[in-house]
Each structure stands twice: as structure tokens, then as C-alpha cells.
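Summary of structural features
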Amino acid sequence: MSDSAPNGDNISQVSKKAKMSGERDQLHLDGIPPHTLTEVQTYLERFSLSLEQLQGVSSRLKKDLIRGLGKHSHHKAAVKMLPTFVRATPDGTERGDFLALDLGGTNFRVLHVRVVEEQQCVMKMDSQICAIPQEMMLGTGEQLFDHIAACLGDFLHSQKLKGQTLPLGFTFSFPCEQKEIDKSILIRWTKGFNCSGVEGQDVVQLLKDAIYRRADYDIGSVAMVNDTVGTMMSCGYKDQSCEIGMIIGTGTNACYMEEMKNVKRVEGEDGRMCINTEWGGFGDDGSLKDILTEFDVMVDETSINPGVHTFEKMISGMYLGEIVRLLLVKMTEDKLLFDGRTSDALRTPGKFQTKFISEIEEEDDGLDNAQTILTELGLKWNPVDVRVVRLACDVVSTRSAHLCAAALATIVNRIRVNRGLDHLKTTVGVDGTVYRKHPNFSDELQATVRLLAPKCSITFLVSEDGSGKGAAMVTAVAQRLALQSRLLEDSDGEVDEEEEEDEEEEEDGE
């Protein structure tokens, strides 16, 4: 299909560009009798989005990005567009030793990272994983940060780094309002944490206070890092045209470098700033209602956060397996699968895991994997059932890739227009299990982005450890910018002094 194909063409034609000119499409239809296929398609066609529909999704997101950036409109925007205070990507001159602290669940990591300018690489020297006991997750904030400071101290001691004062990148994966690169206020705890005295407080200061209480080591400057920003930055040292970060894993998010003049909530007109879009919330205002299926609605209603993260629930790993499960239950109840007989496992929420989709869609072993999975789920299947299940997995994962592509196209098109370019060449740093592990997702995504953003050439780089190495890179860039601004201030002062001296000499000569 050429880029000039009519907008209304069904996305299955778009898919053929990604799926080896339709070979895989045909493979997934083989072995399903025509009358069965016709009935099955009435369920599956709800997931097929035309190119025109995807362009519509993209134009809605474009409006939401602008709303999220606005000084007065951001508070009611579904897509939050949070300023990160990261004002540049790596330029290749960064170097030195850095610490990274990654707290996002029941464990946290401490890393020692070395940035080597000559080799243009970011090396993990060593790392340590520390557990957070259940009672500490529900205790006081002081207890939690004292524990983090103690583990960081032990790590520095084991690495013989205690005498050094190293800068630290802090990935703190909880909802925060960032005020500066080194100031971030916790809005609310999630993921089973409920430590008292932390919500509404600056988590960087709480960490520094805990280190100060120990008085046996010190750290340098701290940079707060969102994991999506870390994904972009970990790729940015290798490829300095990387200005977008994207995660498609358990959840989904993206960040990109926006022109400062458009970031209305932060003072200053010059340069750029990385914006954490929080695009998982796209559609929370009902803007995607027309493309939601009944299965999306059920997933949302039974989730722990109904009405929130609409876009994420259509495309990310936490929900894809459940969408397929509900689809299979419905087709079974309507006598299209398994002779109309479900099983306890298939009726149990969460039992059809997202990783099953990847396994079932494997090109060579997919049908064998499907048979094994269906047997483990207690289902009596025939060969046609197995093929229909594979087709169901395919349409759900393909929709995910296409929606992701529509969102990414919005961002690359925005960057191109922002910069007044006829053609944009850029790189996206990507991470997440869905992108990494699914056999066809990345091909689908890339082919569809090319159709939706024909004036952009996009390279995709899989990120290496965004919350570790990427966090260190954010700190390295912040340090470089601080040093440059200090040098500028010093040289400005010198100019002032020279002017003063000249004026004094002129006065003396008069």
C-alpha cells in the first residue's frame, strides 16, 4: 500500500505493509472455514481501525497536547504534559561517575554508572537490589528514607566510593509534581505504599535529610527522573538525535523535547524542555468513546481505577491479555469456540496473560503454543478453535500497535511543525515488554507511523536501563548545563568588569 492510498482503506491493508505484504495475514486466516470466519469477523472487526480513524485519533491527541501545555487549561486536560525540567539531551561530552537510585516497587536499585566520553558509552559498574519490607511500605516516611539512605551507604562502602561526593539520578516512579530538576512533590502513593508524612513533601529533600542524619557520607547534586525520560536519555548518548522516549510495557507513556515558548507553565522562552506527556490518560475525557469496544468498557469497569488511563487500557501489557480473555469468553458463550464450553480458568479475570498473546503469535511455534495454553486453561479445543484464538490475539495486539503509532505520529509531526521543517529526522528511545517481546508489535508500529507521519524519518532504538543508566545520564546533562551556565555567568562578569575598568580609565583621562 502506498502512502497515497485513500484514507478510508481498512487498516488490515496498512498491516500488510508490516506483515510481509500480507503473508502473515493470510497465515492467520488459513484453516478457518469461510462461514466460521464470517461469524468471527463480526466480533473482531470492532478492533480494526481504518487509516482515517487513526488520523482522527492523532488529531484529537494533538489538541490534547496543546491543552496540557496551556497555563490555564492544563488542570482540566486528560493528557497532563508535565514539565520535567530536563532542558537538553546528551551532546556526547558528558563524562564521569554517577549514582542512580531507582524506586518504583517493593525493591529498589542502587547503581554506580560511569559515562565514558571517548567510547561514547554509559557503563553500569555495579548495582545492588534492596528489598523494602511490607511493614516499611506502610510505616513512616522517615523510616523509608532512612532505609534507602542506609542501603545507599552500604553500596558506597562496598564500592569504596564513600569518600567521593557523586551526583545522583533518582527515578521515583510515583505520581509527583516536579518543581525543578531537584525538587519533586509526591502527589499520592500507589503500588501498595502508604508511608506517612511524604505526600505533599519534596522527596529529594526527604532523601537528603536521611543522608544528613547518617552523617557518614554525602551525595552531590540530585536530578529527579521519570522512567520515560530516562529511556530517552539512555539512548541519547549513543544517538544524539534521540529526542523522544516511549514505553510500551505494563503501562505506556511517552516524552519528547518541546519548545520552551510552548511550555506555558514554566517561565522562559528560549531553548527546549522535555515534556512527560502521561499519554496513558488520553481519552479520560471521553474523546475515544467512539472507538472503544464493549470489551474495553468491561476492562475499565472492573479495573482498580475506572475512568482513568483509557488509552493505556487499550494498548498496554497490563490489559491486553484481559481484553483477549473477555473476547474469547464472549465468542465461546455465543457457541463460536470450544463447542460453547468455557472453563473456570477462562472465566477467571487475569488468567489469560498478555505473554500468551506473544507466544501464540510466534510465527513458527504459535499454533503449538496456543494448544498448550488452551489445554492449561482447561479448554477442549479443535484445530479451528486454535486458529481463531490466534486471530483474536492478532487483532488485539495489532490495534495496540496502531494506536501507539497514531500517538507517536502526533508527537513527531508536532516536533517537525514546531521547528518549521519540511522533513524531520529523529530517533525514538523505546522500552517495555510489549515492544521488546511481542514478535510483530515493533514492525506494525513502525510501518503505521510511516503512513501517519510521511514527512518524518524515524529511527527506533531499544533503551538499555532507562531508570538506571538513563537516570545517570539526566544527572550528567544537568551537571554539564549547570557548569556551562556558571561559565557564562563568570564570563559575563568579566565583561562587566572590563567595561567598568574602561569607564574608570576614561574618567581618569578626562
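Residues numbered from 1 in each chain as written. Predicted model: local features only at pLDDT ≥ 70, side-chain atom pairs only at ≥ 80, totals over all residues. Heavy atoms only, no water.

**Structural notes on the overall build of the protein**
For the protein, the count of helices and strands is 17 helices and 13 strands. In the protein, buried positions account for 53% of the 510 residues. A fraction of 71% describes how many contacts in the protein between residues 6 or more apart in sequence connect residues 24 or more apart. Approximately 22700 Å² of the protein is accessible, and the part contributed by carbon and sulfur atoms is 47%. (Helix = DSSP H or I, 4+ residues; strand = E, 2+ residues; numbered from the N terminus. Buried < 20%, exposed > 50% of the residue type's maximum accessible area, 1.4 Å probe, protein only. Contact = heavy atoms within 4.5 Å. Areas by Shrake-Rupley, 256 points an atom, 1.4 Å probe, with all protein chains shown as cover.)

**Topic: the sheet that holds strand β2 (residues 96–103)**
Within the open sheet, the five strands sit side by side as β4-β3-β2-β5-β8. Their pairing is mixed. Edge positions in the sheet fall to β4 (121–131) and β8 (222–225), since each of these pairs with one other strand and no more. Averaged over all adjacent pairs, the angle separating strand axes in this sheet is 20 degrees, with direction ignored. Two strands pair when backbone bridges link them, and strand β3 (residues 107–116) and β4 are joined in this way by 10 bridges, in the antiparallel orientation. For N107, the partnering residue across the bridge sits in β4 and is A131. (Pairing = 2+ DSSP bridges. Axes fitted to C-alpha atoms, helices over the stretch in contact; angles between N-to-C directions.)

**Description of the confidence of the model for the protein**
Across the protein, the average pLDDT comes to 89, with 90% of residues at 70 or higher. Scored below 50 in pLDDT, residues 1–22 shows 46 contacts in the model against residues more than four places distant or in partner chains. Long-range and interchain partners of residues 494–498, a stretch whose pLDDT sits below 50, account for zero contacts in this model, where long-range means more than four residues apart. (pLDDT = per-residue confidence, 0-100.)

**Focus: the packing of aromatic side chains**
In total, this model carries 10 aromatic pairs according to the counting rule given. With centroids separated by 5.2 Å and ring planes inclined at 70 degrees, the aromatic side chains of F174 and F193 adopt a geometry described as edge-to-face. In this pair, F174 is assigned in the loop between β5 (168–172) and β6 (176–180) and F193 in the loop between β7 (183–186) and α7 (203–214), connecting sequence segments 19 residues apart. A relative accessible area of 7% means that F174 is categorised as buried. Members of the aromatic cluster, connected to one another through ring pairs, are F170, F172, F174, W189 and F193. (Phe/Tyr/Trp six-rings, centres within 6.5 Å; stacked < 30°, edge-to-face > 60°.)

**Things to note about the sheet that holds strand β9 (residues 242–248)**
The mixed open sheet is built from six strands, whose spatial order is β1-β11-β10-β9-β12-β13. Strand pairing shows two members of the sheet lacking a second neighbour, β1 (82–83) and β13 (456–462), which therefore form its edges. With respect to the sheet, helix α8 (residues 227–236) is in contact with β9, β10 (252–259), β11 (272–276), β12 (424–431) and β13, its orientation differing from that of β9 by roughly 130 degrees.

**Things to note about the packing of helix α4 (residues 51–69) against helix α16 (residues 441–452)**
Interhelical geometry of α4 versus α16 gives an angle of 80 degrees and a closest axis separation of 11 Å. Judged by the inter-axis angle, α4 sits roughly perpendicular to α16. On the side of α4, the interface is formed by L51, L54 and Q55, while α16 contributes T448, L451 and L452. Considered class by class, the residues forming the contact of α4 with α16 number four nonpolar, two polar and no charged. (Parallel < 35°, antiparallel > 145°, perpendicular 65-115°, else oblique. Nonpolar A, V, L, I, M, F, W, Y, C, P; charged D, E, K, R; others polar.)

**Observations regarding the state of the cysteines**
Summed over the entire model, instances satisfying the criterion amount to zero disulfides. In this structure C151 is not part of a disulfide, and its nearest cysteine sulfur, from C130, lies 3.5 Å away. The exposure class assigned to C151 is buried, which follows from its relative accessible area of 9%. (Disulfide = S-S within 2.5 Å.)

**Remarks on the nonpolar core**
The biggest cluster of nonpolar side chains holds 118 residues, and the ones touching the most others in it are M331 and L445. The element that contributes the greatest number of residues to this core is helix α14 (residues 383–418), accounting for 19 residues. Sequence-distant contacts of M331, defined by excluding residues within four places in its chain, comprise V40, Y43, L44, L336, L337, V388 and A392. Counting 39 residues, the second-largest nonpolar core is a separate cluster that includes C130, F145, F170 and F174. (Core = buried A, V, L, I, M, F, W, Y, C linked by side-chain atoms within 4.5 Å.)

**Thoughts on α8**
Taking burial as the measure, the 10 residues of α8 include nine buried ones, the bulk of the element. Those residues of α8 not exposed but buried are T228, V229, G230, T231, M232, M233, S234, C235 and G236.

**Here's the deal with unusual backbone geometry**
Residues other than glycine seldom take positive phi values, yet M81 does so here, at roughly 50 degrees. Along the chain, the position of M81 falls in the loop between α4 and β1.

**Side note on the environment of D126**
In this structure, D126 sits in strand β4. In sequence terms D126 and V110 are 16 residues apart; their C-alpha atoms lie 8.6 Å from each other. If near-sequence neighbours (up to four positions away) are discounted, D126 is found in contact with V110, L111, H112, F155 and Q159.

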